[in-house]
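Take a look at the letters that make up each chain.
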Amino acid sequence: MNGNLIRDSLELCFVIAIGGTVVSSFRKIHSRKLTPYMCVGCNRPTSRAYSKCKHCGECVKG
């Protein structure tokens, strides 16, 4: 029974941590604090993982 209590406590901590992350993300999205990386050439959102836009080949601006 003691092992179940520890496991259940750990699961509760994970649920609280994930829930807090989701709530924080929704708040940032709602307040428009998250902005996508935009391409200088075509003004479309693109990935920050690549140095060039996949749409037009221009350098990415953050």
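Residues numbered from 1 in each chain as written. Predicted model: local features only at pLDDT ≥ 70, side-chain atom pairs only at ≥ 80, totals over all residues. Heavy atoms only, no water.

Asker: Can you help me understand the state of the cysteines in this one?
Answerer: By definition, a disulfide links the sulfur atoms of two cysteine residues through a covalent bond. The full count for this structure, using the stated rule, is zero disulfides. Looking at the unpaired Cys39, the closest cysteine sulfur is the one in Cys56, lying at 3.4 Å. In this structure Cys53 is a free cysteine whose sulfur lies 3.7 Å from that of Cys39, the closest cysteine sulfur available. According to the relative accessible area criterion, Cys53 is buried, its value standing at 5%. (Disulfide = S-S within 2.5 Å. Buried < 20%, exposed > 50% of the residue type's maximum accessible area, 1.4 Å probe, protein only.)

Asker: I keep staring at the confidence of the model for the protein chain and nothing clicks. Help me out?
Answerer: Low pLDDT marks regions whose predicted coordinates should not be analysed in detail. With 90% of its residues at a pLDDT of 70 or more, the protein chain has an overall mean of 85. Per-element averaging of pLDDT across the protein chain places strand S2 (residues 60-61) at the bottom with 62 and helix H1 (residues 2-30) at the top with 91. (pLDDT = per-residue confidence, 0-100. Helix = DSSP H or I, 4+ residues; strand = E, 2+ residues; numbered from the N terminus.)

Asker: Can you walk me through the pattern of salt bridges in this structure?
Answerer: Proximity of charged atoms lets side chains of opposite charge pair with each other. According to the stated counting rule, one finds two salt bridges in the structure shown. The partner of Arg7 in a salt bridge is Asp8, with the nearest N and O atoms 3.4 Å apart. We classify Arg7 as partly exposed; its relative accessible area is 45%. We note a salt bridge from Glu11 to Arg7, for which the minimum N-O separation is 3.7 Å. Here Arg7 and Glu11 lie together in helix H1, a separation of four residues that amounts to about one turn. Judged by relative accessible area, which is 43%, Glu11 ranks as partly exposed. The network of salt bridges with common partners includes Arg7, Asp8 and Glu11. (Salt bridge = Lys/Arg side-chain N within 4 Å of Asp/Glu carboxyl O.)

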